[in-house]
Amino acid sequence: MDTNATAAPLSLAFSPCPNDTFVFDAWVHGRVPDAVPPEVTFADIDVTNGMAERGELDALKVSYAVLPWVLEEYALLPCGGALGRGCGPLVLTRPGAAGGGTADDDAVGDGAVGAATLSGRRVAVPSERSTAYLLFRLWAAAEVPGGVGEIVVLPFHEIMPAVRDGKVDAGLVIHEARFTYQDYGLHSLADLGEHWEATTGLPIPLGAIIAKRSLGAPTLRALAATISASVRAAWQDPAASRPYVLEHAQEMDPAVAEQHIGLYVNEFTAELGADGYAAVRGLLERAAAEGLVPSVAPEALAFP
């Protein structure tokens, strides 16, 4: 970071998921020249969303869906987040439950027929402010007659066991669950990323990096440059990040961790670009039109 950046450590929160630890490894471990060292807090996305709403830290990884509630205090950074194609949330069910198909069926459910079986059902989600849940609500409004029933918020790692054990009828999952849900004997009823891409033509916005506007524009620009440099350093030497990734991957198979990184760390992570910003605007505009989130002025998304 440049000399305009604050000399004190910057408080930063992100998840222990492989894509986040991969992105931030070089910065956290001092391999980005002149960068202010971060004080890292690991937290599930539901926790970081709440932290942002309370204005607790300098910078955080949050859901794009929480932006309408935090953009007055925080600026959206143009890098470091999770946005892409073919990487959307899945709606999972047990075989034979809520349209759940068979145990070895890895195809998406039977469209509106399968979705209709979720009417009035109990569904676990990782956060009511998560982008995954917002995409789910947009999908359910179009595909689930009468809407789903009770929504239960669970930590991400508890959702698939809860569906498997019959504690909920369906579960909304993200990240490595795309690669592991069949290990739990579960069925993919719907791929919400496919639905989003088919109806908008845009990439899927999932997680954003935000930082306090009070840090000042020069520091925010330096912070974005630091994060972008950290991403590029990880790409240039992937092996350097592996110990940090696996240390926090919650006993995840290393091969799954690599798949996770490959899916969620892409060109949009280094720079949102025109398509990335269009996807974010599209998500928030659609959600506001459905009355799911407050409206966001286009200038609120602009980077200082």
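Please read all numbers here as calculations on a predicted model, not as lab measurements.

Draft legend 1. Representation of the pattern of salt bridges in the model. One pass over the full model with this rule turns up eleven salt bridges. In this structure, the salt-bridge partner of Glu-53 is Arg-129, at a minimum N-O distance of 3.2 Å. On the criterion of sequence distance, the pair formed by Glu-53 in helix H2 (residues 45-54) and Arg-129 in the loop between strand S7 (123-125) and helix H5 (131-143) is long-range, its members being 76 residues apart. Assessed through its relative accessible area of 27%, Arg-129 is described here as partly exposed. Linking Glu-258 and Arg-242 is a salt bridge whose minimum nitrogen-to-oxygen distance equals 3.5 Å. Taken together, the positions of Glu-258 in helix H11 (residues 254-264) and Arg-242 in helix H10 (residues 238-247) put the pair 16 residues apart, joining distant regions of the chain. Taking relative accessible area as the criterion, Glu-258 reaches 41% and is therefore assigned partly exposed.

Draft legend 2. Molecular detail of the sheet that holds strand S6 (residues 90-93). One open sheet accounts for five strands, arranged S8-S7-S9-S6-S10; its pairing is mixed. Two strands in the sheet have a free side with no partner beyond their single neighbour: strand S8 (151-153) and strand S10 (187-191). Sheet twist, expressed as the mean angle between neighbouring strand axes with direction ignored, is 30°. Sheet topology note: the S7/strand S9 (residues 170-173) ladder contains two bridges and is parallel. Bridging from a neighbouring strand, Val-123 pairs with Ala-170 of S9. Each of S6, S7, S8, S9 and S10 is contacted by H5, which is oriented at about 125° to S9, the strand it contacts most.

Draft legend 3. Up close: the pairing of strand S11 (residues 204-212). Burial analysis of S11 places nine of its nine residues in the buried class, which makes it a mostly covered element. One ladder, built from five bridges, connects strand S3 (residues 59-63) with S11; its direction is antiparallel. Bridged to Ser-63 within S11 is Gly-207. Relative to S11, strand S4 (residues 74-76) runs antiparallel, the two sharing three bridges. The residue of S11 that forms the bridge with Tyr-74 is Lys-212.

Draft legend 4. The arrangement of the packing of aromatic side chains in detail. Applying the stated criterion to the full structure yields six aromatic pairs. Summarising the aromatic geometry, the rings of Phe-136 and Trp-139 are spaced 5.7 Å apart at their centres and angled 40° between planes, so their arrangement reads as tilted. With Phe-136 and Trp-139 both in helix H5 and three residues apart, the pair spans about one turn of that helix. Comparing Phe-136 with Trp-139 shows no difference in burial state: the two are buried. Three or more aromatic residues joined by ring pairs form one cluster here, namely Phe-14, Phe-24, Trp-27, Phe-42 and Tyr-244. Geometry around Trp-69 places Arg-129 over its ring, the cationic atom sitting 3.7 Å from the centre.

Draft legend 5. Quick peek at the nonpolar core. Of all hydrophobic cores here, the largest spans 72 residues; its most connected members are Leu-60, Tyr-64, Leu-67, Val-91, Phe-136 and Trp-139. Take this core: its biggest share by element is eight residues, from H5. Sequence-distant contacts of Phe-136, defined by excluding residues within four places in its chain, comprise Val-91, Leu-118, Val-123, Val-148, Ile-151, Leu-172 and Leu-192. Core analysis: the second largest hydrophobic core is formed by 31 residues, Cys-79, Leu-223, Ala-249 and Ala-270 among them.

Draft legend 6. Focus on the environment of Tyr-277. Structurally, Tyr-277 can be placed in helix H13 (residues 273-289). Residue Tyr-277 is classed as buried on the basis of its relative accessible area of 16%. Considered as a pair, Tyr-277 and Ala-302 are 25 residues apart in the sequence and their alpha carbons are 9.1 Å apart. When sequence neighbours within four positions are dropped, the list of residues in contact with Tyr-277 reads Leu-76, Pro-78, Leu-272, Leu-301 and Phe-303.

Draft legend 7. Spatial organisation of the packing of H5 against H13. With their axes 11 Å apart at the nearest point, H5 and H13 run at an angle of 55° to one another. Taken together, H5 and H13 sit at an angle that is classed as oblique. The two elements H5 and H13 meet at a crossing, and its hand is left-handed. Judged by residue contacts, Thr-131, Leu-134, Leu-135 and Leu-138 of H5 engage Leu-283, Arg-286 and Ala-287 from H13. When its residues are assigned to classes, the contact of H5 with H13 shows five nonpolar, one polar and one charged.

Draft legend 8. Region of the structure containing helix H1 (residues 18-28). Burial analysis of H1 places ten of its eleven residues in the buried class, the great majority of the element. Listing the buried residues of H1 in full gives Pro-18, Asn-19, Asp-20, Thr-21, Phe-22, Val-23, Phe-24, Asp-25, Ala-26 and Trp-27. Backbone geometry just after H1 places Gly-30 at a positive phi near 75°.

Here is what the cut-offs are and how they apply
Per-chain numbering applies: the sequence of each chain, read as written, is numbered from 1 onward. For a predicted model such as this one, the threshold for reporting local features is a pLDDT of at least 70, and the threshold for listing and counting side-chain atom pairs is 80 or more; totals across whole chains, interfaces and linings nevertheless cover every residue. By convention in this description, side-chain values take in all heavy atoms of the structure and omit both hydrogens and water. Salt bridges are identified by distance alone: a Lys or Arg side-chain nitrogen within 4 Å of an Asp or Glu carboxyl oxygen. Put simply, DSSP marks the helices as runs of H or I at least four residues long and the strands as runs of E at least two long, and each gets a number from the N terminus on. Think of it in three bands: with a 1.4 Å probe and only protein chains considered, a residue is buried below 20% of the maximum accessible area for its type, exposed above 50%, and partly exposed in between. Strand pairing is assigned whenever DSSP identifies at least 2 bridges connecting the two strands. Between the N-to-C directions of two axes lies an angle of 0 to 180 degrees, each axis being a line fitted to C-alpha atoms and, for a helix, fitted only over the stretch in contact. Any pair of residues with heavy atoms lying within 4.5 Å of one another is described as a contacting pair. Here the aromatic set is Phe, Tyr and Trp, taking the six-membered ring for Trp, and pairing holds for ring centres within 6.5 Å; pairs whose planes are under 30 degrees apart are stacked, those over 60 apart are edge-to-face, and all others are tilted. Counting as a charge over the ring demands two things of the Lys NZ or Arg CZ atom: a distance within 6 Å of the ring centre and an angle within 35 degrees of the ring normal. Among buried residues, the Ala, Val, Leu, Ile, Met, Phe, Trp, Tyr and Cys ones that are joined through side-chain atoms within 4.5 Å form a nonpolar core. The cut-offs work like this: below 35 degrees is roughly parallel, past 145 is roughly antiparallel, 65 to 115 is roughly perpendicular, and the gaps in between are oblique. Each helix crossing is assigned a hand: it is left-handed if the near helix lies turned anticlockwise from the far helix by less than a right angle, otherwise right-handed if that turn is clockwise. When residues are grouped by polarity, Ala, Val, Leu, Ile, Met, Phe, Trp, Tyr, Cys and Pro land in nonpolar, Asp, Glu, Lys and Arg in charged, and all others, Gly among them, in polar.

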